[in-house]
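Results of the structural survey
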Amino acid sequence: MTSIIALATAGLVAAAAANAQSREQIQIVGSSTVFPFSTAVAERFGNTTDFQTPIVESTGSGGGIRLFCSGVGVEHPDITNASRRMKGSELETCMENGVTEVTEAKIGYDGIVVANDRSAPVYNVTRAQLYQALAAQGDLPTMWNEIDPSLPAVEIEIFGPPPSSGTRDAFEELVMEEGCEEAGVADCENAAEIRDDGVYVDAGENDNLIVSRLEANPQALGIFGFSFLDQNSDAIQGAVVDGVEPTFDAIASAEYPVARSLYFYIKNAHVGVIPGMQEFADMFMSEEMIGEDGQLIDIGLIPLPEEEFLDVQSQVNNLTALQSGDL
């Protein structure tokens, strides 16, 4: 009996390996912020070419990069999306695992917004006040008006992304660290640490869940990318941060203070092995998709300046490998 079970198990493993070796679909993981953009390109790619529609999963930027860098071979993802730039340490991990050539594709910009339900007043906050509301150090206020009398007399409750998210990374850098300095705190070494007493609620990688929670709780705030605000503007509204509204033009001009770049990364060793890799990357980087009047601009992506767009497009077309010194 044992030998029969062993043979059956071996057969299943062999079958799985055979299926993996014949994988026809591009597998994409990573950022929840880039997810809708990548999904739109994947659907367009599947509908207009002879290749299968790529599979896109929302795992968070950090989680996606870990999966991407885990090795070369059809059992590993081909592309990872990221709402922050890959870190030097992450590229080193890639190389240690045999992922020696990675091409970086910067697709555009996005703002990080703090939003609430349209039935409630618009918040007008500074990064210093957001830091004071969320910092793990200091007075740990429970009401907004404890931070400043001009703020609402309601409990602080903020739904936001988990540590694996690039949005969380960017929020910590652009809001928590900058806000700490603006607040005049003497020691901002641990400014990025967010309190864990229930005021900040980790809502996972599903930004749509945050939107639904804001609709159910008008006094709460949520943190996510501008594209989700843009797509749900009938239900939620963005807070004014440091005197600037989170609009397309304000992010594009860098006037809005909480903005970041968006990326995807290509595993060059999979090009020519997984059907459609180069073609998908070229479509993503096309005028049709991310140009000034591209399809992704209509769903919230802020486009790159023309010169930068052409430079990045050339890097992707030529599969220019990212170097550790670039990061």
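Residues numbered from 1 in each chain as written. Predicted model: local features only at pLDDT ≥ 70, side-chain atom pairs only at ≥ 80, totals over all residues. Heavy atoms only, no water.

**As for the pattern of salt bridges**
- Counted under the stated rule, the structure contains 11 salt bridges.
- Between aspartate 110 and arginine 260 there is a salt bridge, and its shortest N-O distance comes to 3.2 Å. Here the residue aspartate 110 occupies a position in strand E4 (residues 102-117), and arginine 260 occupies one in strand E11 (residues 259-267), the gap between them amounting to 150 residues. Comparing aspartate 110 with arginine 260, the two get one shared label, buried.
- For arginine 168, the salt bridge goes to glutamate 172, with nearest N and O atoms at 2.8 Å. Placement of the pair is arginine 168 and glutamate 172 together in helix H7 (residues 166-182), with a separation of 4 residues, close to one helical turn. (Salt bridge = Lys/Arg side-chain N within 4 Å of Asp/Glu carboxyl O. Helix = DSSP H or I, 4+ residues; strand = E, 2+ residues; numbered from the N terminus. Buried < 20%, exposed > 50% of the residue type's maximum accessible area, 1.4 Å probe, protein only.)

**Brief notes about the pairing of E4**
- Counted residue by residue, E4 has 15 buried out of 16 residues, so it is predominantly covered.
- Where E4 lies against E11, 9 bridges are found, and the strand directions are antiparallel. Bridge assignment links tyrosine 109 to a residue of E11, and that residue is serine 261.
- Here E4 runs beside strand E8 (residues 221-225); their pairing, made up of 4 bridges, is antiparallel. What sits directly across from valine 114, in E8, is isoleucine 223.
- Relative to strand E9 (residues 236-238), E4 runs antiparallel, the two being bridged by 3 bridges. (Pairing = 2+ DSSP bridges.)

**Some thoughts on the packing of aromatic side chains**
- The tally for this structure, following the rule as stated, stands at 6 aromatic pairs.
- Ring plane angle 25° and centroid distance 4.5 Å describe the contact between phenylalanine 264 and phenylalanine 284, whose orientation is recorded as stacked. Here phenylalanine 284 lies in helix H11 (residues 277-284) and phenylalanine 264 lies in strand E11, a separation of 20 residues in the sequence.
- On the basis of relative accessibility, which here comes to 0%, the residue phenylalanine 264 falls in the buried class.
- A ring pair is formed by phenylalanine 280 and phenylalanine 284, whose centres lie 5.9 Å apart and whose planes are at 85°; its orientation type is edge-to-face. Here phenylalanine 280 and its partner phenylalanine 284 are both found in helix H11, 4 residues apart, which amounts to about one turn of the helix.
- The rings of Phe45, Phe51, Phe264, Phe280 and Phe284 are connected pair by pair, giving a single aromatic cluster.
- Directly above the ring of phenylalanine 68 sits lysine 267, whose terminal nitrogen or CZ lies 4.8 Å from the centroid. (Phe/Tyr/Trp six-rings, centres within 6.5 Å; stacked < 30°, edge-to-face > 60°. Lys NZ or Arg CZ within 6 Å of the ring centre and 35° of its normal.)

**Quick word on the confidence of the model for the protein chain**
- Residues at a pLDDT of 70 or more form 93% of the protein chain, whose mean pLDDT is 91.
- Low pLDDT, under 50, characterises residues 1-20; the predicted model gives this stretch 1 contact beyond four residues in sequence or across chains. (pLDDT = per-residue confidence, 0-100. Contact = heavy atoms within 4.5 Å.)

**Considering the side chain of arginine 195**
- Position of arginine 195 relative to the elements: it lies in the loop between H7 and strand E7 (200-202).
- Exposure remark for arginine 195: the relative accessible area of 4% places this residue in the buried category.
- For arginine 195, the side chain forms a polar contact with the main-chain oxygen of proline 141, separated by 2.8 Å.
- At 2.8 Å, the side chain of arginine 195 forms a polar contact with the side chain of aspartate 197.
- Setting aside residues up to four positions removed in sequence, arginine 195 forms contacts with Ala133, Leu134, Ala135, Ala136, Leu140, Pro141 and Tyr200. (Polar contact = N/O pair within 3.5 Å; in protein donor to acceptor, adjacent residues only side chain to side chain.)

**A word on helix H4 (residues 88-96)**
- Here H4 has its buried residues at Glu90, Leu91 and Cys94. With its buried residues spanning 100° around the axis, H4 presents them on a single face.
- Its buried side turned inward, H4 meets helix H3 (61-68) and E4.
- Positive backbone phi, approximately 90°, marks glycine 98, located one or two places after H4. (Arc of directions from axis to C-beta.)

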